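Spelled out, the chains give:
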Amino acid sequence: MNSEKITVGVIGVQGDVSEHIAAISHLRSLDDEAIDAVSIRKTGIIPNCNFLIIPGGESTTISRLIKRNGLANEIISHAQSGKPLLATCAGLIVASKSANDKRIDTLDILDITVNRNAFGRQIDSFEAHLPIKGMDTPFPAIFIRAPAIETTSKNVEILAEYKGRPVAVRQDNIVGTSFHPELTFDTRLHNLAFFES
Ligand code: GLN
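Residues numbered from 1 in each chain as written. Predicted model: local features only at pLDDT ≥ 70, side-chain atom pairs only at ≥ 80, totals over all residues. Heavy atoms only, no water.

Colleague: So what about the overall build of the chain? Which residues, and what values?
Modeller: Per the secondary structure count, the chain includes five helices and 11 strands. Taking 197 residues into account, the globule formula puts the C-alpha radius of gyration at 16 Å, and the chain, at 15 Å, falls close to it. Along the three orthogonal principal directions, the C-alpha set of the chain runs to about 45 × 40 × 30 Å. Within the chain, the proportion of its 197 residues that are buried is 55%. Contacts in the chain between residues at least 24 apart in sequence constitute 67% of all its contacts with a sequence separation of at least 6. One way to put it: in the chain the 20 positive side-chain charges average out to a point 8 Å from where the 23 negative ones average out. (Helix = DSSP H or I, 4+ residues; strand = E, 2+ residues; numbered from the N terminus. Rg over C-alpha atoms; globule rule 2.2 N^0.38 Å. Buried < 20%, exposed > 50% of the residue type's maximum accessible area, 1.4 Å probe, protein only. Contact = heavy atoms within 4.5 Å. Lys, Arg positive; Asp, Glu negative; His and termini not counted. Charge placed at Lys NZ, Arg CZ, Asp CG, Glu CD.)

Colleague: If you had to explain the pattern of salt bridges to someone new, which residues and values would you point to?
Modeller: Taken as a whole and assessed by the stated rule, the structure comprises 11 salt bridges. Look at the salt bridges and you will find they share partners, linking E58, D101, R103, R116 and R145 into a network. (Salt bridge = Lys/Arg side-chain N within 4 Å of Asp/Glu carboxyl O.)

Colleague: With reference to specific residues and values, describe the packing of aromatic side chains.
Modeller: Summed over the entire model, instances satisfying the criterion amount to 11 aromatic pairs. Ring centres of F51 and F195 lie 5.5 Å apart, and the angle between their planes is 85°; on these two criteria the pair is classed as edge-to-face. You can see F51 sitting in strand β3 (residues 51-54) and its partner F195 sitting in helix α5 (residues 188-195), a full 144 residues away along the chain. Just as F51 is buried, F195 falls in that class too. A ring pair is formed by F139 and F179, whose centres lie 5.9 Å apart and whose planes are at 45°; its orientation type is tilted. One end of the pair, F139, is in strand β7 (residues 139-144); the other, F179, is in the loop between β11 (174-177) and α5, with 40 residues separating them in the sequence. Members of the aromatic cluster, joined through ring pairs, are F119, F126, F139, F143, Y162 and F179. Above the face of the F119 ring, R165 is positioned so that its terminal group lies 5.5 Å from the ring centre. (Phe/Tyr/Trp six-rings, centres within 6.5 Å; stacked < 30°, edge-to-face > 60°. Lys NZ or Arg CZ within 6 Å of the ring centre and 35° of its normal.)

Colleague: Give a detailed account of unusual backbone geometry, specifying residues and quantitative values.
Modeller: Located in the positive-phi region is C89, a residue other than glycine, with phi close to 55°. Within the secondary structure layout, C89 lies in the loop between β4 (85-88) and α4 (90-95).

Colleague: So what's going on with the site of the ligand? Residues and values would help.
Modeller: Surveying the vicinity of the ligand reveals the residues G56, G57, E58, S59, C89, A90, I93, R116, N117, I144, R145 and H180. For the ligand, an oxygen atom lies 2.9 Å from a polar atom in the backbone of G57. The separation between an oxygen atom of the ligand and a polar side-chain atom of R116 is 2.6 Å. In the complex, the protein chains occlude 97% of the 300 Å² of accessible area that the ligand would expose alone. Under a 2 Å grid-point criterion requiring more than half of the atoms, the pocket assigned to the ligand is the largest pocket. Its residues assigned to classes, the shell around the ligand shows four nonpolar, five polar and three charged. (Near = heavy atom within 4 Å. Polar contact = N/O pair within 3.5 Å; in protein donor to acceptor, adjacent residues only side chain to side chain. Areas by Shrake-Rupley, 256 points an atom, 1.4 Å probe, with all protein chains shown as cover. 1 Å grid on protein atoms, 1.4 Å probe; cavity = no way out; pocket = protein on both sides within 12 Å on 5 of 7 lines; lining within 4 Å. Sits in = over half its atoms within 2 Å of the grid points. Nonpolar A, V, L, I, M, F, W, Y, C, P; charged D, E, K, R; others polar.)

Colleague: Give a description of the sheet that holds strand β9 (residues 157-162) that names residues and reports values.
Modeller: Spatial ordering of the open sheet is given by β2-β1-β3-β4-β11-β10-β9, a layout of seven strands whose pairing is mixed. If you trace the sheet from one side to the other, it starts and ends with β2 (35-40) and β9, each paired once. Put simply, the sheet's adjacent strands are angled 20° from each other on average, direction ignored. Bridge analysis of β3 against β4 gives three bridges, and the strand direction is parallel. Its bridge partner being in β4, I53 is matched across the sheet by L86. Contacts from helix α3 (residues 71-80) reach β1 (6-11), β2, β3, β4 and β11 within the one sheet, and its direction differs from that of β3 by about 130°. (Pairing = 2+ DSSP bridges. Axes fitted to C-alpha atoms, helices over the stretch in contact; angles between N-to-C directions.)

What follows is the structure in structure tokens.
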């Protein structure tokens, strides 16, 4: 039995950071190791994290702040090292190759292009019972001004679609969702991202 603690870092410059930290407190690793969550606003912490989350929020703000405070390069190194990373909503936009928006300097760690706020203004927020690859029952997916994934390259696996557009994907160690798994009590997506890749 491994008694080492697992540390999950949540990029904490803006967005629904505390919601992810609360969701992590409900997680259990396979060996029942302790899992700790930390909000990250400065460099030097990410290298010690086992898992990383880029949360939902406002992608223009997150992208600007992580560039300015040096976190962007550490996130890229984490992703390239093969350690698990979960990117949700605005986080998915920041992780993508292109968001078709000059204000967002994307990290290009997830080989997809996205379209911000793609599901229309009148349905800014909605919940869908979404079938997800590998899950027995649909996932309660909450969409808030959600991006759509427009293109995916061959190395990207589509895990779920909504109205014919991909909304959950996996590329090796990186899982990205257009919706907010941290806003439900359902931890299956965090588990999938961290323990099943
Ligand atoms: N529409 C937001 C953006 O483009 C994302 C919304 C969210 O994270 N809930 O940054």
